[in-house]
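The chain contents come next:
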Amino acid sequence: DAGVIQSPRHEVTEMGQEVTLRCKPISGHNSLFWYRQTMMRGLELLIYFNNNVPIDDSGMPEDRFSAKMPNASFSTLKIQPSEPRDSAVYFCASSLDLSTDTQYFGPGTRLTVL
Amino acid sequence: AQKITQTQPGMFVQEKEAVTLDCTYDTSDPSYGLFWYKQPSSGEMIFLIYQGSYDQQNATEGRYSLNFQKARKSANLVISASQLGDSAMYFCAMRLSNTGNQFYFGTGTSLTVIP
């Protein structure tokens with residue numbers, strides 16, 4: 001079975017540009033999570049969805065960040081405009097649902113904003 | 001407030017020996033889940049083992065076992081017969097059901113297996 005798929009795996013962009021990160025959860029999983037990992041702050045939960053509906057976006061750092069899940073098999077995390085401090089590894093994870101414990105992570109997208 | 005604490009930033013273990021990675025947690029929620037993930041240098045997060053707060057027995061998965069001491073609020077990971085491929089960052093995490101099933105991660109422990 002395919003795991004969580006993220007694209008791109010690496011992204012280098014210039015400050016001020018729009019960045020879109022993509023995630024395909026494991027088929028049949030109803031919950032999707034976006035995390036950011038940095039050396040300074042570790043792993044932070046940004047937002048999560050259940051049945052395509054955003055449940056909690058309190059971890060989204062500011063209005064420059066937005067996330068959507070238009071259907072059960074696709075989600076995007078957008079940063080507009082990007083800033084150098086957004087440089088991090090962004091992980092997407094999925095689980096069967098919110099009452100099922102294990103989250104399975106994608107390979108991550110390493111974002112560098114110059 | 002820190003909900004998950006991993007006090008060992010780095011650990012070393014001899015190949016074939018056992019090693020314990022420490023994790024303590026803080027919650028007043030009676031229902032929670034505890035997890036360990038492995039992050040090798042390639043960057044992916046690999047699920048290792050899970051322990052539910054109501055589980056009576058310690059979880060085991062192959063060479064991994066979770067030493068769950070509820071009264072002490074600790075959930076240490078024990079890796080038996082260490083292998084070179086076990087060298088990685090290890091993260092302890094907790095899921096709280098009263099906060100919408102959010103995951104809280106510790107800061108991680110870097111494990112190096114010495115040949």
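Scroll up to find the structure this text is about.
Being a predicted model, the structure only gives us computed values, none of them experimental.

1. Digging into the overall build of chain B
- From N to C terminus, chain B includes zero helices and 12 strands.
- Counting from the amino terminus, chain B carries its helices and strands in the arrangement β-β-β-β-β-β-β-β-β-β-β-β.
- Projected onto its principal axes, the C-alpha coordinates of chain B cover approximately 45 × 25 × 20 Å.
- Buried positions account for 48% of the 115 residues belonging to chain B.
- Across chain B, contacts joining residues at least 24 apart in sequence account for 54% of those joining residues at least 6 apart.
- Of the accessible surface of chain B, which amounts to about 5,400 Å², a share of 50% is contributed by carbon and sulfur atoms.
- If the 8 positive side-chain charges of chain B are averaged to one point and the 9 negative ones to another, these points end up 5 Å apart.

2. Details of the nonpolar core
- B:L21, B:Y25, B:W36, B:I49, B:L77, B:Y90 and B:L111 are the most contacted members of the largest nonpolar core, which has 26 residues in total.
- Considering every element that reaches this core, the biggest residue donor is strand β10 (residues 88-96) of chain B, with five residues.
- Excluding residues that lie within four positions of it along the chain, B:L111 makes contacts with B:M11, B:V13, B:V19, B:L21, B:I79, B:D86, B:S87, B:A88 and B:Y90.
- Judged by nonpolar contacts, the second largest core, of 21 residues, contains A:V19, A:I26, A:W34 and A:I47.

3. Digging into the layout of surface pockets
- One number sums up the size of the largest pocket: a volume of about 550 Å³.
- A:Q37, A:M39, A:V89, A:R110 and B:Q39 are the residues nearest the centre of the largest pocket, which is lined by 21 residues in total.
- Of all the elements, strand β9 (residues 88-95) of chain A adds the most residues to the lining of the largest pocket, at three residues.
- Counted by class, the lining of the largest pocket contains eight nonpolar, 11 polar and two charged residues.
- In this structure, the second largest pocket occupies an estimated 470 Å³ of space.
- Lining the second largest pocket are 23 residues, with A:R41, A:L43, A:E44, B:Y104 and B:F105 sitting closest to its centre.
- Of all elements in the fold, only β5 (42-50) of chain A together with β11 (102-105) of chain B reach the threshold of two or more residues within the lining of the second largest pocket.
- In terms of residue count, β5(A) provides more of the lining of the second largest pocket than any other element does, seven residues in total.
- For the lining of the second largest pocket, a count of residues per class yields 11 nonpolar, seven polar and five charged.

Conventions and cut-offs
- Residues numbered from 1 in each chain as written.
- Chains lettered and ligands numbered in written order.
- Predicted model: local features only at pLDDT ≥ 70, side-chain atom pairs only at ≥ 80, totals over all residues.
- Heavy atoms only, no water.
- Helix = DSSP H or I, 4+ residues; strand = E, 2+ residues; numbered from the N terminus.
- Buried < 20%, exposed > 50% of the residue type's maximum accessible area, 1.4 Å probe, protein only.
- Contact = heavy atoms within 4.5 Å.
- Areas by Shrake-Rupley, 256 points an atom, 1.4 Å probe, with all protein chains shown as cover.
- Lys, Arg positive; Asp, Glu negative; His and termini not counted.
- Charge placed at Lys NZ, Arg CZ, Asp CG, Glu CD.
- Core = buried A, V, L, I, M, F, W, Y, C linked by side-chain atoms within 4.5 Å.
- 1 Å grid on protein atoms, 1.4 Å probe; cavity = no way out; pocket = protein on both sides within 12 Å on 5 of 7 lines; lining within 4 Å.
- Points joined across faces, edges and corners; volume = space filled by probe spheres on them.
- Nonpolar A, V, L, I, M, F, W, Y, C, P; charged D, E, K, R; others polar.

That is the geometry; function is a separate question.
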